[in-house]
Amino acid sequence: MGLSTFQKFAIAGGEAAKIVRETERKQMDGIKNALFKSIEDSVAPAAEYRQKHLLVKNKAKEDLQNIMNQFIPDDLDLTQTEKVAAAQALYAKHGYNPEKISEAYQDKVISSQKVGSKAYNTMAFLADEFQDIKAISNDMDIDKISTIIAQNKVGAAPTGFDTAMQLVKTMPQSRGLVTDPINVSDVGAKAKATLGLPEVVEGELPSIPMKPKYEHNKVLDEVQKYRLNESTIEKNKAALDKSNVWKVSDWRNNFKDLANAAREQSTLKYTIIPLPNGTFDFQFPGGEENLKEKREVERNAIRNFVSGAVSVKKENNPDFIQVVSGVAANAQPLPTPPKETQYVPGMLYQQGKYKFIYGGKRIGKDGKAENIIIDIMPEYIK
């Protein structure tokens, strides 16, 4: 007896379902394998990134808290988040190294003591470091700022898993006619959560205006090293008594004597090189330390030269200005210090393209102290 029409359709339907099921099974197996491979390949990079990120973040968080405890006093009337921003600004300025902050503070304490003051404190240090610390505005807490620091240092999290998920989603997927489909997005999201990648914090670190670094203590050490001895001072004073009749050549010879006195304080051998403008330069042996000492010799030769001219009120003499501008053209100036009290009389400074020598102070006709500023002639500024 033959099969009924219904039986024939049932058998055909069963065969079709079997084919569909097999097709869907193969598709799901492909998707599962791709998912498992993506997860497996992402575990190690994610763990490495997570560890690096956590170490940097925890270190930053600890450092910021210590900086606040040591350098940001409560009597500044800053909110907690503003204190965090101030600590972060100090942290960044000194290369994310708390020891550098402590060194900068100690440097300024010692500088203050060298000029006879023992009153330097944390508030004075903050005034030297910040343009206006009380103007800080910030609403990010220490955790967010520490996270951003970690993101900036460690970089973005590995993106291999996300890329793999996008590729998996492009694979042929059944509509689940006879089997339950795989929700790739749901599985991917759950798998990514198990990787434990840190949550990304949007935004940037607070931008806080800071004053430039200035190592005043080193400047004072340099000045003391090349200070003229008594005999040289007396000899120079006797020569300057005749400066009313000096010509350009006399000022050049005076500078040469003082430059030799400064050079003799160094430990380097030298060769004198005549220059086209009538002045001369010292040639020292090579090397960074030797170059540094050469620059100190140049600055202090100028300092002693200027101090002498100021002492006889000849700093505005055209011949003196010509000579000092010529020698200043070949010297490396110091950056302008943040406080007026840190200017060294006779020292060469530069602010932008403006090059000048601070001559010290003098009491004016009105009885008030006036700054003596000697501008370097524009044609000598490189």
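In this text the structure is predicted, and so the values were computed from the model without any measurement.

*Asks:* Can you walk me through the overall build of the protein chain in this structure?
*Replies:* Across its full length, the protein chain carries twelve helices and six strands. Residues counted as buried form 41% of the 382 residues belonging to the protein chain. Long-range pairs, those at least 24 residues apart, make up 67% of the contacts in the protein chain with a sequence separation of at least 6. Surface exposure of the protein chain reaches about 22,100 Å², of which carbon and sulfur atoms provide 53%.

*Asks:* Please clarify how the pairing of strand E4 (residues 347-351) should be interpreted in this entry.
*Replies:* Judged from the two bridges that link them, strand E3 (residues 334-335) and E4 form a sheet pairing that is parallel. Bridging across to E4, Pro335 finds its partner in Gln350. When E4 meets strand E5 (residues 354-363), the two strands line up antiparallel, connected through five bridges. Residue pairing in the sheet places Tyr349 in a bridge with Phe356 of E5. Hairpin connection between E4 and E5: a loop of two residues separates the two successive antiparallel strands, and Gly352 in this loop has a positive phi of roughly 65°.

*Asks:* Is there a simple way to think about the confidence of the model for the protein chain in this case?
*Replies:* Regions with low pLDDT carry predicted coordinates that are not meant to be interpreted in detail. Across the protein chain, the average pLDDT comes to 77, with 69% of residues at 70 or higher. When mean pLDDT is taken per element in the protein chain, helix H2 (residues 80-93) scores highest with 96 and helix H6 (residues 160-169) scores lowest with 48. A low-confidence stretch, residues 167-171 (pLDDT under 50), is modelled with eleven contacts involving residues beyond four sequence positions or located in other chains. Predicted confidence is poor over residues 174-180, with pLDDT under 50, and the contacts of this stretch with residues over four places away or in other chains come to 16 contacts.

*Asks:* Explain helix H5 (residues 142-154) to me, please; I cannot follow it from the model alone.
*Replies:* Residues that lie three or four places apart on an α-helix share one face, since the helix turns once every 3.6 residues. For H5, built from 13 residues, the straight-helix expectation of 18 Å at 1.5 Å per residue is met to within 8% by its first-to-last C-alpha distance of 18 Å. The opening residue of H5, the one whose side-chain oxygen lies 3.2 Å from the backbone nitrogen of Asp143, is Asp141. At the C-terminal side of H5, Gly155 shows a positive phi close to 95°.

*Asks:* Would you mind showing me how to read the pattern of salt bridges here?
*Replies:* Pairing between side chains becomes possible if they bear opposite charge and their charged atoms approach one another. Counted by the stated rule, this structure contains eleven salt bridges. For the salt bridge of Asp143 with Lys61, the shortest nitrogen-to-oxygen distance reads 3.2 Å. Taken together, the residues Asp143 in helix H5 and Lys61 in helix H1 (residues 5-71) connect sequence positions 82 residues apart. Relative accessible area serves as the criterion here: at 28%, Asp143 is assigned to the partly exposed category. One salt-bridge network, in which partners are shared between bridges, spans Lys57, Lys61 and Asp143.

*Asks:* What is the right way to read the environment of Ala328 from this model?
*Replies:* Looking at the element boundaries, Ala328 is found in helix H12 (residues 318-328). Considering only alpha carbons, one finds Ala328 and Glu298, 30 residues apart in sequence, at a separation of 8.3 Å. Those residues within four positions of Ala328 in sequence are excluded, and the remaining contacts are Ile302, Leu348, Lys355 and Ile376.

*Asks:* It is not clear to me how the layout of surface pockets should be interpreted in this structure. Could you clarify?
*Replies:* To find leftover empty space, a probe the size of one water molecule is rolled over the atoms. In this model, the largest pocket occupies a volume close to 390 Å³. Together, 16 residues line the largest pocket, and Glu215, Lys218, Glu222, Arg299 and Leu334 are the ones closest to its centre. The element that contributes the greatest number of residues to the lining of the largest pocket is helix H8 (residues 216-225), accounting for five residues. For the lining of the largest pocket, the per-class residue count stands at five nonpolar, one polar and ten charged.

Parameters and conventions
Residues numbered from 1 in each chain as written. Predicted model: local features only at pLDDT ≥ 70, side-chain atom pairs only at ≥ 80, totals over all residues. Heavy atoms only, no water. Helix = DSSP H or I, 4+ residues; strand = E, 2+ residues; numbered from the N terminus. Buried < 20%, exposed > 50% of the residue type's maximum accessible area, 1.4 Å probe, protein only. Contact = heavy atoms within 4.5 Å. Areas by Shrake-Rupley, 256 points an atom, 1.4 Å probe, with all protein chains shown as cover. Pairing = 2+ DSSP bridges. pLDDT = per-residue confidence, 0-100. Expected span 1.5 Å × (residues − 1). Polar contact = N/O pair within 3.5 Å; in protein donor to acceptor, adjacent residues only side chain to side chain. Salt bridge = Lys/Arg side-chain N within 4 Å of Asp/Glu carboxyl O. 1 Å grid on protein atoms, 1.4 Å probe; cavity = no way out; pocket = protein on both sides within 12 Å on 5 of 7 lines; lining within 4 Å. Points joined across faces, edges and corners; volume = space filled by probe spheres on them. Nonpolar A, V, L, I, M, F, W, Y, C, P; charged D, E, K, R; others polar.

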